[in-house]
Amino acid sequence: MRHLPLEDADEAHLVRRTAKGDRAAFEELYRRTSPWLAVRLRRRCADEQIVAEVMQETYLAVWRAAESFAGTATGGNAVGWLWTIAARRLVDAFRRRAHHAQPPPEVALDVAPVAAAEDELLATSMDDDVGTALRDLAPELRAVLQAMVLDGLTVRETAVLLGLPEGTVKTRARRARIAMREALS
């Protein structure tokens, strides 16, 4: 059976080949996705050691669980599957760190946040009304919405990721939904 050349294969195909023990396909998947994944993780965690650990744990999990990826059978995509693994590993890392250390000091409030490329892409890829509604959300509401809706995290995982009580996450999620509904009506 002939295989599609690795450079022509999409990520889902690379995961399926990885499931069959194809190390070259795994290395190609890593080469394509690791820069993007590292940037996305760094947006959520400034600790390079945690990011490095999560990256290692994520790709180890991908190697071990590639055969569980359903991909096209369920309509999912490989990059989304990979991000789900990484996001859960990041939450786990935060939980482990929380048991061993005090929370990090607050970031200086006078530093203006820089818009992430994925936020800009999300806002511009949607029609004007949805993009405007997302841009107009308060940053704390947008962060909860992104974690729960876009990243698919649970309330508990979002709370750990953002360092908030679960009740606050639920309240902000509700406020974000209401604000989006009002902006789009």
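Treat the numbers as computed from the prediction; the structure is a model and nothing was measured.

K.L.:
I tried to follow the environment of Leu-82 on my own but got confused; where do I start?
P.N.:
Mapping Leu-82 onto the fold places it in helix H4 (residues 78-100). Setting aside residues up to four positions removed in sequence, Leu-82 forms contacts with Thr-33, Trp-36, Leu-37, Thr-58, Tyr-59 and Val-62.

K.L.:
How should the nonpolar core be read in this particular structure?
P.N.:
Across soluble globular proteins, nonpolar side chains show a tendency to be buried alongside one another. Among the nonpolar cores identified, the biggest contains 35 residues, and Leu-37, Leu-41 and Leu-90 are the most heavily contacted of them. When residues of this core are assigned to their parent elements, the largest contribution, 11 residues, is made by H4. Beyond its immediate stretch of four places on either side in the chain, Leu-90 contacts Leu-41, Arg-44, Cys-45, Ile-50, Val-54 and Leu-161. Leu-134, Leu-137, Leu-145 and Met-180 belong to the second-largest nonpolar core, a separate cluster that totals 7 residues.

K.L.:
Honestly, the environment of Ala-66 in this entry has me stumped. Any pointers?
P.N.:
Tracing the chain through its elements places Ala-66 in the loop between helix H3 (48-65) and H4. A sequence separation of 40 residues divides Ala-66 from Phe-26, and the C-alpha atoms of the two residues are 9.5 Å apart.

K.L.:
Which parts of the structure should I look at to understand the side chain of Thr-158?
P.N.:
With respect to the element layout, Thr-158 can be found in helix H8 (residues 155-162). Once residues within four sequence positions are removed from consideration, Thr-158 is found in contact with Val-144, Ala-147, Met-148, Leu-153 and Val-169.

K.L.:
Just checking my understanding: could you explain the packing of aromatic side chains for this structure?
P.N.:
Remark: the centre distance and the inter-plane angle together describe each pair of aromatic rings, the angle taken between the planes. Scanning the entire structure with this criterion turns up 4 aromatic pairs. Ring centres of Trp-36 and Trp-83 lie 6.4 Å apart, and the angle between their planes is 70°; this geometry places the pair in the edge-to-face category. Of the two residues, Trp-36 is situated in helix H2 (residues 23-44) and Trp-83 in helix H4; the sequence distance between them amounts to 47 residues. Look at Trp-83 and you get buried, because its relative accessible area is 4%. Note that Arg-23 overlies the ring of Trp-63, its terminal NZ or CZ placed 5.3 Å from the centroid.

K.L.:
Looking at this structure, I do not really get the confidence of the model for the chain. What am I missing?
P.N.:
Detail in the predicted coordinates should be disregarded across regions flagged by low pLDDT. On average, residues of the chain score 79 in pLDDT, and 78% of them are at 70 or above. Here helix H5 (residues 117-125) is the element of the chain with the lowest mean pLDDT, 47, and H3 is the one with the highest, 93. Confidence drops under pLDDT 50 across residues 107-115; counting only partners more than four residues distant or on other chains, this segment forms 1 contact. In the model, residues 120-126 has pLDDT below 50 throughout and makes 7 contacts with residues more than four positions away in sequence or in other chains.

K.L.:
What is the right way to read the packing of H2 against H3 from this model?
P.N.:
Packed helix pairs are characterised by how far apart their axes lie and by the angle those axes make with each other. For the pair H2 and H3, the least separation of the axes is 10 Å and the interaxial angle reads 145°. For the pair H2 and H3, the crossing hand works out as right-handed. From H2, Arg-23, Phe-26, Leu-29, Tyr-30, Thr-33, Ser-34, Leu-37, Ala-38, Leu-41 and Arg-42 reach across to H3, where they touch Glu-48, Val-51, Val-54, Met-55, Thr-58, Tyr-59, Val-62 and Trp-63. Grouping the amino acids of the contact of H2 with H3 by side-chain chemistry returns 12 nonpolar, 3 polar and 3 charged.

So, how was this worked out
- Residues numbered from 1 in each chain as written.
- Predicted model: local features only at pLDDT ≥ 70, side-chain atom pairs only at ≥ 80, totals over all residues.
- Heavy atoms only, no water.
- Helix = DSSP H or I, 4+ residues; strand = E, 2+ residues; numbered from the N terminus.
- Contact = heavy atoms within 4.5 Å.
- Core = buried A, V, L, I, M, F, W, Y, C linked by side-chain atoms within 4.5 Å.
- Buried < 20%, exposed > 50% of the residue type's maximum accessible area, 1.4 Å probe, protein only.
- Phe/Tyr/Trp six-rings, centres within 6.5 Å; stacked < 30°, edge-to-face > 60°.
- Lys NZ or Arg CZ within 6 Å of the ring centre and 35° of its normal.
- pLDDT = per-residue confidence, 0-100.
- Axes fitted to C-alpha atoms, helices over the stretch in contact; angles between N-to-C directions.
- Left-handed = near helix turned anticlockwise from the far one by under 90°.
- Nonpolar A, V, L, I, M, F, W, Y, C, P; charged D, E, K, R; others polar.

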